[in-house]
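Chain residues, written in single-letter form:
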Amino acid sequence: MRDRKTDAKIGPRLSLGFRAAQTSNDGLTDLPQLRENFPYADLGQIMTFCSSTASKRRRWRLGGLILLWLAGAQAWAAEPLRLVSIHEDLLPGMRAVAREFTERTGWEVEIQAVPYSAHELWIRTQMLSRKGPDVMLVESTDLPWRYGHSGLLVQWDEPLANSNPFDEANRDRPWRDSFYDELVQQARDVAGAIWCVPYTQYGVGFFYNEEVYDELGLAPPETWEGLIANFRAVRASGRAALVTAVKPNDHQTLWMADMLLELLLRPAAEQVNLLTRPGWRFDPLDPACARGEVITLEERLVAFDRGLIDPARAPAFRETARLMRTLAQEFRPDFLSLDGEEVPRVFARGQAVHFLNGTWYLRPLTAMQRGIEAIAPERVFPWAVFPFPELSAETTSLPRLGGINQNSGLRACFIASKQDSSPERQRAAIDLVRFLTAPRVAETSFGRTAVHDLPAMREVPPKPGAEPLVPKVRYAFLVLAQFRGYDARSEGEFWTLWQSLLGGMIDEDQFVQRLSASHRAALFRLSQEKASQMDRAFLARHLPKGFAP
Amino acid sequence: MSRSNNNEYQPWRAAGFLLPAVAFFGVFVVLPALSALALAFFRADGLAMREWVGADNFRELASDPLFWKSIRNLLWFAVLTVPVQTLGPLLGAKLLCSLRSPRAAYWYRTLLVFPVLVPGVVTILVWQELYGATGPINLLLDAVGLGEHARAWLGDPATVVPAIVAIGLPFTGGVFLLIYLAGFLSIPASLIEAARLDGAGPLRLFLSVELPMLRTQIGVIALLSLLGVLQNFDNIQILTNGGPMNASLTPALYLFRSGFEFGQLGYASALGVVLLAVCAVLTVLVRWAGRRQA
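Note that this is a predicted model, so its numbers are computed, not measured. (Residues numbered from 1 in each chain as written. Chains lettered and ligands numbered in written order. Predicted model: local features only at pLDDT ≥ 70, side-chain atom pairs only at ≥ 80, totals over all residues.)

Caption draft 1: Fine view of the overall build of chain A. Each helix and strand counted, chain A has 23 helices and 11 strands in total. When the 549 residues of chain A are sorted by exposure, 46% land in the buried category. Restricting to contacts in chain A with at least 6 residues of sequence separation, those with at least 24 account for 74%. (Helix = DSSP H or I, 4+ residues; strand = E, 2+ residues; numbered from the N terminus. Buried ≥ 20, exposed ≤ 12 C-beta atoms within 10 Å, placed from the backbone. Contact = placed C-beta atoms within 7 Å.)

Quick look at the structure:
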């Protein structure tokens, strides 16, 4: 396929010999063919092409120009693929397998790390200057969505629907089936498009101080009531029950809310997922039923209009807010001023009995306690982790299908810069991601790291220390609504409302009313932005009056 | 080359020497400012999208409750900050000038100016620890029997702004102190002596002689302090990022968040243009007031 940008670049320069070149049929002698081989056309091919043109003077002028162009292009094309990660811990494993990729494809891979704290600005500057690395390993989905919507990233829907050539054991299987379904679901943006490929997932649980549990005679809770009762018992003993932070850079409370909302919205799955294959049924006990299902922007607009995912009208939102507000009474009082990074330190120092966090803290927490042990051994305590508890009929009167989906968080994911001017390089970047996520390769790679995050690939086993955080039960997972909003602006508004609710400044009713307005505005903005890409027939059928801001 | 040639005005040579500086200034100061001004009339995410929207960004700004909240916060910051930053160093400088021993004056001056050497971020982080739930302030309150007043100072919307303003207490040191000291030293000794001979006590001397003579310095420091409040960004971002519940959000921080968190560069530029206009108007007003007094 011709590349329009390349056409635009070389078209005017080659206008002198273009017609003559097209008429020749001696080997690689016409311009489109030469272009097709870009940047791999060698000197002989170029000279053949030049000698086919009519006038000698024209020939040399044309040849000179092409040589200059290709010299630059080949110098650039010879550069190794650049893989950048914000998770430095994962790099030793990737470096270990990169050699095999080079041997199989001929592409060298240069791997480098970017400090986590500066990565957003770094990526932005790289993208603005159109010099984004070929492949990047980033965290969460906001960033891929943002750059994906700007047309700067590779969209993965098609590659994921095809098989992974590097996964020799599963050549007939779509690549996406090698990942946990819920992670692929989470990778989808509001319109259902996939801009990132999952690589790791976080396993979230309540870390707790076993010494205090023994002293108070408590056991890890299995239900929400048990959790609240434990927290109250801890508080009654004069200790802080749960340390957490409620800031945009710390999502601990949002994870809890997301888990609750996903469970409570589940009964609406079939009414929201309208654009599906005929006869599709939602079976909460069968995770496979959500495989390949996409909740699109059109479906969200319709669902919002019908009140299914409108926070003001869907009881699941209010119930989630109520439960979280109850829980907030057990938070350490400085939760509105604490920073996310301080939370594990407070726990490690024994200043709170629980904190909710993920697999990535297994190693730092151990390290922190070793540090404390060196100074004050008596302050070190044994700790363990229990999963998020289940909701019972006592907890909520709302209908529930199945139970809480544990460990449903996508963490590290791959993105690839879009490179219209070099399809070969683009293909190689996609291949690199396919290679790194192939189960055999990923297992080798994960085996050489100290990271406890769970792999996103089904066949790759987690590290032994992370086992308490591995999900025991899984339910069908579809992201019907985004609790935190649908774009950056609504997310900003969400955090203000969330702080207000958990801080006791507003009640559940005020919260859902304001959240509803924010969600509606965000969906309207998105519908305006993506008007040209939406299924108009579907919208006309289900939303005849349109979507009002 | 003769001496007369050296003294001759050579416009091309002057232009040649000036050119690099002007070019740098143009490329790195004027051009970004102009492009920001132009961007205010676009809907732009800084990546791919750029759509002409005329004055829509300004209209949206006028009806944006968060912008007005940030303005209210800014006024609250200004009301608390300007007096303490203006009067604190003035008192410090007065105390220094009143010391009879030159050796003691030297040491105290060094002591009061020394904190300028500490990077601002370090000061902010130290104060963050002081304000912590188990920080020294709350421990002290607890120790003196006022434990019920202990709180998360930066996590409470009622206390977050005063807590941020209180950073740097007792506000007696720093560059402003040096400006006042220079002002005090420039007051003619004969004037002070004459006032004393007329029977003026220390308070009368300060209020009727020194303070009027320091009017220019007070005006400059008030203006600098006000401009500092308008541009206040780093300490708020580090301490609260505008929270909780936007209680410490200022226009400068909102500008940053709009541009770099929400991806609305056009809107952020409009906010920047408004901030620039406000700064300019305030500067003119303060200068005008200063001239009138003079």
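Let's pick the thread back up.
Caption draft 2: Looking closely at the pairing of strand β3 (residues 135–139) of chain A. Residue and element names in this part refer to chain A. Among the five residues that make up β3, five are buried, leaving the element largely enclosed by the rest of the structure. Covered by surrounding structure in β3 are V135, L137 and E139 together with M136 and V138, the residues of both alternating faces. Relative to β3, strand β1 (residues 81–85) is paired through three bridges, and the arrangement is parallel. Within β3, the position partnered with L83 by the bridge is V135. Bridge count between β3 and strand β10 (residues 412–416): five bridges; the pairing is antiparallel. The residue bridging E139 from the neighbouring strand is A412, located in β10. (Pairing = 2+ DSSP bridges.)

Caption draft 3: Broad picture of unusual backbone geometry. All names here are of chain B. Residue P244 is bonded to the preceding G243 through a cis peptide linkage, with omega at -10°. Checked against the element boundaries, P244 lands in the loop between α13 (234–239) and α14 (251–261). Its identity as a non-glycine residue notwithstanding, N241 has a phi of 50°, on the positive side. With respect to the helices and strands, N241 occurs in the loop between α13 and α14.

Caption draft 4: Geometry of the interface of chain A and chain B. With 23 residues of chain A at the interface, the matching set in chain B holds 20 residues. At the level of secondary structure, the elements contributing two or more residues to the side of chain A that touches chain B comprise α7 (119–128), α8 (142–149) and α21 (488–502) of chain A. Here the side of chain A that touches chain B takes six residues from α21 of chain A, the largest share from any one element. Here the residues of the side of chain A that touches chain B are counted per class, giving nine nonpolar, nine polar and five charged. (Nonpolar A, V, L, I, M, F, W, Y, C, P; charged D, E, K, R; others polar.)

Caption draft 5: Fine view of the packing of helix α4 (residues 65–98) of chain B against helix α9 (residues 175–185) of chain B. Residue and element names in this part refer to chain B. As a packed pair, α4 and α9 sit with axes 8 Å apart at the nearest point and diverge in direction by 50°. In terms of orientation, α4 and α9 fall into the oblique class. Here the hand of the crossing between α4 and α9 comes out right-handed. Here Q85, P89, L90, G92, A93, L96 and C97 of α4 lie close against α9, whose contacting residues are F176, L177, Y180, L181 and F184. (Axes fitted to C-alpha atoms, helices over the stretch in contact; angles between N-to-C directions. Parallel < 35°, antiparallel > 145°, perpendicular 65-115°, else oblique. Left-handed = near helix turned anticlockwise from the far one by under 90°.)

Caption draft 6: View of the sheet that holds strand β7 (residues 354–358) of chain A. Residues and elements named next belong to chain A. Taken in spatial order, the three strands of this open sheet run β7-β6-β8, and their pairing is antiparallel. Edge positions in the open sheet fall to β7 and β8 (383–386), since each of these has one partner strand only. The sheet shows a mean angle of 35° between the axes of neighbouring strands, taken without regard to direction. By the bridge criterion, four bridges tie strand β6 (residues 204–209) to β8 in an arrangement that is antiparallel. Each bridged residue has a counterpart across the sheet, and for F207 the counterpart in β8 is V385.

Caption draft 7: Layout of the pairing of strand β2 (residues 109–113) of chain A. All names here are of chain A. Note: β1 against β2, five bridges, orientation parallel. Across the sheet, the residue bridging to V84 is Q112, located in β2. In terms of handedness, the path from β1 via helix α6 (residues 91–105) over to β2 forms a crossover that is right-handed. (Right-handed = clockwise from strand over helix to strand, strands pointing away.)

Caption draft 8: Molecular detail of helix α6 (residues 120–131) of chain B. Residue and element names in this part refer to chain B. For α6, with 12 residues, the first-to-last C-alpha span of 17 Å sits near the 16 Å given by 1.5 Å per residue. Listed in full, the buried residues belonging to α6 are W127, Q128 and Y131. The buried residues of α6 occupy an angular sector of 110° when projected down its axis, which confines them to one face. Across from the buried face of α6, at angles greater than 90 degrees, the exposed residues are V122, V126 and E129. The inward-facing, buried residues of α6 abut α7 (136–143), α8 (160–165) and α13. (Expected span 1.5 Å × (residues − 1). Arc of directions from axis to C-beta.)

Caption draft 9: Representation of the sheet that holds strand β9 (residues 409–410) of chain A. Residue and element names in this part refer to chain A. Read across the sheet, three strands follow the order β9-β5-β11 without closing on themselves; strand pairing throughout is antiparallel. The sheet is open, and its two borders are formed by β9 and β11 (454–455), each paired with just one other strand. In terms of strand pairing, strand β5 (residues 200–202) meets β9 through two bridges, oriented antiparallel. Note that in β9 the partner of Y202 across the bridge is G409.

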